[in-house]
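# Structure assessment
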Amino acid sequence: MAGPYPNGPKPARLTPGRIGLYAFLIVAALFFLLPLYTMVVTSLKSMDEIRLGQIFALPAKLDFSAWATAWSGACMGTVCVGIRSGFWNSVAITLPAVALSVFIGAVNGYALSLWRPRGANLLFGLLMAGGLIPYQIFLYPMVRVMANVELYNSLAGIILVHVIFGLPLVTLLFRNYFVSVPEELCKAARVDGAGFWRIFFEIMLPIAVPMVVVVSMLQFTGIWNDFLLGLVFAGRDNLPMTVQLNNIVNTTMGERTYNVNMAATILTAIVPLAIYFLSGRWFVRGIAAGAVKG
């Protein structure tokens with residue numbers, strides 16, 4: 001005998017707890033989206049309209065000139081070239097730094113997952129603690145080392161710095177992922193004649209694709225949004241987008257163009273936001289897989 005809902009399960013009741021949950025989620029979304037809304041509408045207004053002080057009002061007429069100025073004409077001191085060069089500098093810094101740190105961290109994590117001596121958990125705990133030490137503490141020694149090897153104020157130098165500071169966390173995440181893989185899988189591969197690298201590339205790395213996505217997103221976001229390391233190590237010709245954004249916003253010559261500043265801020269943040277929106281499902285799957293395996 002068919003039930004009262006033959007086409008599916010009975011719909012959930014709208015309980016007070018569910019109403020409270022939805023209300024909290026809506027308020028939280030509005031809280032985090034309100035600054036973004038303000039930035040977008042301000043970037044689409046003219047300066048005459050901004051001076052009216054109605055920051056939450058929609059623009060009377062869409063004006064994209066601030067976006068064009070932010071990209072190729074905004075001033076950093078006396079130089080008015082926009083944030084375009086900083087975008088390409090950030091791309092040149094972030095992509096190789098992410099690729100190197102993820103690859104080296106995956107190899108390290110795989111190697112450490114095979115090495116299980118007594119006291120290994122204490123060792124990995126110390127590794128995690130070392131990765132959580134604020135990197136500001138290491139700035140001066142790193143500057144001296146990079147200067148001695150002639151990599152200070154260079155593209156290769158800032159890439160190397162990001163790889164070094166990202167490796168502890170990346171290595172630990174991969175190690176915790178690989179350590180739960182059944183040992184019989186690797187033993188069977190060794191019996192078939194596979195060595196360290198063949199097992200890594202043909203077995204372990206394909207298994208760890210969700211974790212590769214998670215680590216890549218974490219590294220990409222951290223490196224792209226970095227300000228301090230780029231300011232200290234990149235050099236004047238390789239300044240990332242965040243440093244150039246700071247220079248644009250803090251330029252005090254002439255009128256302070258809030259619409260240009262807002263447009264430049266959105267342009268700086270749009271790449272990591274797009275990556276999260278496009279890869280969000282993979283990120284959640286990787287986090288869940290890591291939580292189950294760890």
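Residues numbered from 1 in each chain as written. Predicted model: local features only at pLDDT ≥ 70, side-chain atom pairs only at ≥ 80, totals over all residues. Heavy atoms only, no water.

Looking at an unreviewed UniProt entry, one finds the protein named Carbohydrate ABC transporter permease and attributed to Rhizobium phaseoli. Checking UniProt for the protein, the heading Subcellular location (unreviewed entry) contains the comment "Cell membrane". You can read under Sequence similarities (unreviewed entry) in the UniProt record for the protein the words "Belongs to the binding-protein-dependent transport system permease family." (UniProt positions renumbered as here; feature names shortened; annotations may be inferred.)

Moving on, we get to the nonpolar core. The biggest cluster of nonpolar side chains holds 52 residues, and the ones touching the most others in it are Ile 83, Phe 174, Phe 178, Ile 199, Met 204 and Phe 233. With 9 residues, the single largest contributor to this core is helix α7 (residues 155-178). Not counting chain neighbours up to four residues away, the residues in contact with Ile 199 comprise Tyr 110, Cys 186, Ala 189, Arg 190, Ala 194 and Met 204. (Core = buried A, V, L, I, M, F, W, Y, C linked by side-chain atoms within 4.5 Å. Buried < 20%, exposed > 50% of the residue type's maximum accessible area, 1.4 Å probe, protein only. Helix = DSSP H or I, 4+ residues; strand = E, 2+ residues; numbered from the N terminus. Contact = heavy atoms within 4.5 Å.)

Our next topic: the state of the cysteines. Tallied over the entire structure, the rule returns 1 disulfide. A sulfur-sulfur distance of 1.9 Å marks the disulfide that ties Cys 75 to Cys 80. Handedness of the Cys 75-Cys 80 disulfide follows from its S-S torsion of about 95°: it is right-handed. By relative accessible area, which is 39% here, Cys 80 ends up partly exposed. (Disulfide = S-S within 2.5 Å.)

Our next topic: the domain arrangement of the protein. Considered domain by domain, the protein is made up of domain 1 (15-61) and domain 2 (94-249 + 272-290). When each unit is reduced to the centre of its C-alpha atoms, the spacing between domain 1 and domain 2 is 36 Å. (Domains from an automatic or database assignment.)

Right, let's get into the UniProt feature "transmembrane region" (unreviewed entry) in the protein. UniProt feature "transmembrane region" (unreviewed entry): in the numbering of this structure it lies at residues 20-44, 64-87, 93-115, 122-143, 155-178, 199-220 and 260-278. Along residues 20-44, the helical share is 96% and the strand share 0%, with 35 Å between the first and last C-alpha atoms. Helix and strand shares over residues 93-115 are 96% and 0% respectively, and the end C-alpha atoms of the span are 33 Å apart.

The next subject is helix α9 (residues 196-207). Between its first and last C-alpha, α9 extends 15 Å over 12 residues, near the 16 Å set by a 1.5 Å rise per residue. For α9, the set of buried residues is Ile 199, Phe 200 and Met 204. Each buried residue of α9 lies within a common arc of 95° when the element is viewed along its axis, so the set occupies one face. Here the buried face of α9 lies against α4 (84-114), α7 and α8 (183-191). (Expected span 1.5 Å × (residues − 1). Arc of directions from axis to C-beta.)

In this section: the packing of α4 against helix α10 (residues 209-224). Each pair of packed helices can be described by the angle between their axes along with the distance between the axes. Remark: α4 packs on α10, axes separated minimally by 9 Å, with the N-to-C direction vectors making an angle of 145°. As α4 packs across α10, the resulting crossing turns out to be right-handed. Mapping the contact onto sequence places Phe 87, Ser 90, Val 91, Ile 93, Thr 94, Leu 95, Ala 97, Val 98, Ser 101 and Val 102 in α4 and Val 212, Val 215, Ser 216, Gln 219, Phe 220, Ile 223 and Trp 224 in α10. Looking at the contact of α4 with α10 residue by residue, the classes come out as 12 nonpolar, 5 polar and no charged. (Axes fitted to C-alpha atoms, helices over the stretch in contact; angles between N-to-C directions. Left-handed = near helix turned anticlockwise from the far one by under 90°. Nonpolar A, V, L, I, M, F, W, Y, C, P; charged D, E, K, R; others polar.)

The next subject is the pattern of salt bridges. Applying the stated criterion to the full structure yields 3 salt bridges. Residues Glu 183 and Lys 187 are paired through a salt bridge, measuring 3.9 Å at the closest nitrogen-oxygen approach. Linking Glu 183 with Lys 187, this pair stays in helix α8, spanning 4 residues, or about one helical turn. Of the residues examined, Lys 187 reaches a relative accessible area of 46% and is grouped as partly exposed. Note that Arg 198 is salt-bridged to Glu 202, the shortest N-O span being 3.3 Å. Placement of the pair is Arg 198 and Glu 202 together in helix α9, with a separation of 4 residues, close to one helical turn. You can call Arg 198 partly exposed: its relative accessible area is 46%. A residue is classified by how much of its surface remains accessible, and Glu 202, at 53% relative accessible area, is exposed. (Salt bridge = Lys/Arg side-chain N within 4 Å of Asp/Glu carboxyl O.)

Moving on, we get to the packing of α7 against α10. Packing of α7 against α10 brings their axes to within 11 Å, and their N-to-C directions diverge by 155°. Taken together, the axis directions place α7 and α10 in an arrangement best described as roughly antiparallel. In this structure, α7 meets α10 at a crossing whose hand is right-handed. Of the residues in α10, those in contact with His 162, Gly 166, Val 170, Leu 173, Phe 174 and Tyr 177 of α7 are Pro 210, Met 211, Val 212, Val 215, Leu 218, Gln 219 and Ile 223. The class makeup of the residues in the contact of α7 with α10 is 10 nonpolar, 3 polar and no charged. (Parallel < 35°, antiparallel > 145°, perpendicular 65-115°, else oblique.)

We now examine the packing of aromatic side chains. Taken as a whole and assessed by the stated rule, the structure comprises 18 aromatic pairs. Centroid distance Phe 31 to Phe 32: 5.2 Å. Interplanar angle 85°. Geometry classified as edge-to-face. Like Phe 32, Phe 31 is exposed. An angle of 90° between the planes, with centres 6.3 Å apart, marks the rings of Trp 197 and Phe 200 as edge-to-face. With Trp 197 and Phe 200 both in helix α9, this residue pair falls 3 residues apart, about one helical turn. Residue classification places Trp 197 among the partly exposed positions, given a relative accessible area of 45%. Look at Phe 200 and you get buried, because its relative accessible area is 0%. Chaining the aromatic ring pairs together yields one cluster made of Phe 103, Tyr 110, Phe 174, Tyr 177, Phe 178, Phe 196, Trp 197, Phe 200 and Phe 201. (Phe/Tyr/Trp six-rings, centres within 6.5 Å; stacked < 30°, edge-to-face > 60°.)

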